[in-house]
Amino acid sequence: YYTGTKTATVCVPPSPYTPDTHIVELADELTVDLTSGPTILSVEQMSILFEINATKPVVINGSGYTITFATGAMCPGETDLNLGVQFNAGTGYAAIRTAMGSKFVLMLAFNHDGPLPGVAQITIFVGKQYAGELMEYLYYDPEICKLECEQTAVVDANGYITVTQDHCSSYGVSRIKP
């Protein structure tokens, strides 16, 4: 029977942004943890990163990659930024894999497509089995369906390469020798 009291359950959707608790200022750097949860940084969060970057590097840790902006490298922006990365997935995956043939190691599809807020060092896990090998880091141009070598990098003992870039899109990593 009706008591005259109504209650409603309000369902609040989860935030699309990286939780503020995943952004931590340490003595020598600011770190952002994108290994779990949303990988989108809000314009407000990006403003904080830019402000702190004036005196400290900003290190963004994802699953299988790290994006580092050296002290003073970031420029202010007016938009949210999704710094997630998909490996071996995305709209260009089949074309990149086919174009590389037996030299294929992996493909990266950055969730953000466009300029970064500055030049960044990006460290990418390619696999310990490639330690000591020279790899090509190639930009995939979807308009002409071609790969263009951006730079080369040697795989370190832990299986990582480090590249420098100021733009996100789809990229491939290939062995120089199959």
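Residues numbered from 1 in each chain as written. Predicted model: local features only at pLDDT ≥ 70, side-chain atom pairs only at ≥ 80, totals over all residues. Heavy atoms only, no water.

**Details of helix H1 (residues 43-53)**
Inference 1: Turning to H1, its buried residues number three or more, namely Gln45, Met46, Leu49, Ile52 and Asn53. Down the axis of H1, the sector holding all buried residues measures 125 degrees, keeping them to one side. What points out from H1, more than 90 degrees from its buried face, is the exposed set Glu44 and Glu51. (Buried < 20%, exposed > 50% of the residue type's maximum accessible area, 1.4 Å probe, protein only. Helix = DSSP H or I, 4+ residues; strand = E, 2+ residues; numbered from the N terminus. Arc of directions from axis to C-beta.)

**Focus on the nonpolar core**
Inference 1: If you look at the biggest cluster of nonpolar residues, it comprises 37 residues, and the most contacted ones within it are Leu49, Ile60, Val126, Ile161 and Val173.
Inference 2: Elements supplying a minimum of two residues to this core: strand E2 (30-33), H1, strand E4 (58-62), strand E5 (65-69), strand E8 (104-125), strand E9 (134-141) and strand E11 (160-175).
Inference 3: Here the element with the most residues in this core is E8; it accounts for eight residues.
Inference 4: Apart from the residues lying within four places of it in its own chain, the contact partners of Val126 are Val105, Leu106, Val155, Gly159, Ile161 and Val173.
Inference 5: Ile96, Met100, Leu138 and Tyr140 belong to the second-largest nonpolar core, a separate cluster that totals seven residues. (Core = buried A, V, L, I, M, F, W, Y, C linked by side-chain atoms within 4.5 Å. Contact = heavy atoms within 4.5 Å.)

**With respect to the pattern of salt bridges**
Inference 1: All told, the structure shown has two salt bridges when counted by the stated rule.
Inference 2: A salt bridge links Lys56 to Glu25, with the nearest nitrogen and oxygen atoms 2.8 Å apart. In this pair, Lys56 is assigned in the loop between H1 and E4 and Glu25 in strand E1 (residues 23-25), connecting sequence segments 31 residues apart.
Inference 3: Overall, the relative accessible area of 46% leaves Glu25 in the partly exposed class.
Inference 4: A salt bridge links Arg175 to Glu133, with the nearest nitrogen and oxygen atoms 2.9 Å apart. Of the two residues, Arg175 sits in strand E11 while Glu133 sits in the loop between E8 and E9, which places them 42 residues apart along the sequence.
Inference 5: Its relative accessible area of 22% is what places Arg175 among the partly exposed residues. (Salt bridge = Lys/Arg side-chain N within 4 Å of Asp/Glu carboxyl O.)

**Comments concerning the packing of aromatic side chains**
Inference 1: Inspection of the entire model under this criterion finds six aromatic pairs.
Inference 2: With a centroid separation of 6.4 Å and an interplanar angle of 50 degrees, the aromatic rings of Tyr65 and Phe87 are classed as tilted. Of this pair, Tyr65 sits in strand E5 while Phe87 sits in strand E7 (residues 85-87), placing them 22 residues apart in sequence.
Inference 3: The class for Phe87 is partly exposed, based on a relative accessible area of 27%.
Inference 4: Between Phe110 and Tyr171 the ring centres are 5.8 Å apart and the planes differ by 85 degrees, which places this aromatic pair in the edge-to-face class. Here Phe110 is found in strand E8, whereas its partner Tyr171 is found in strand E11, with 61 residues between them in sequence. (Phe/Tyr/Trp six-rings, centres within 6.5 Å; stacked < 30°, edge-to-face > 60°.)

**Some points on the environment of Ala157**
Inference 1: Mapped onto the elements, Ala157 comes out in the loop between strand E10 (146-154) and E11.
Inference 2: Residues Ala157 and Gly132, spaced 25 residues apart in sequence, show a C-alpha to C-alpha distance of 6.9 Å.
Inference 3: Dropping the residues within four chain positions of it, Ala157 is found in contact with Lys128 and Ala131.

**Regarding unusual backbone geometry**
Inference 1: Its identity as a non-glycine residue notwithstanding, Asn88 has a phi of 50 degrees, on the positive side.
Inference 2: Within the element layout of this structure, Asn88 appears in the loop between E7 and helix H2 (93-100).
Inference 3: Residue Asn88 is classed as partly exposed on the basis of its relative accessible area of 34%.
Inference 4: With a phi close to 55 degrees, Cys145 is a non-glycine residue in the positive phi region.
Inference 5: Mapped onto the secondary structure, Cys145 falls in the loop between E9 and E10.

**Remarks on the side chain of Thr18**
Inference 1: If you trace the backbone, Thr18 turns up in the segment before E1.
Inference 2: In this structure Thr18 comes out as buried when scored by relative accessible area, which is 2%.
Inference 3: Only 3.0 Å separates the side chain of Thr18 from the backbone oxygen of Pro38, close enough to count as a polar contact. (Polar contact = N/O pair within 3.5 Å; in protein donor to acceptor, adjacent residues only side chain to side chain.)

The values reported here are purely geometric and, on their own, carry no functional implication.
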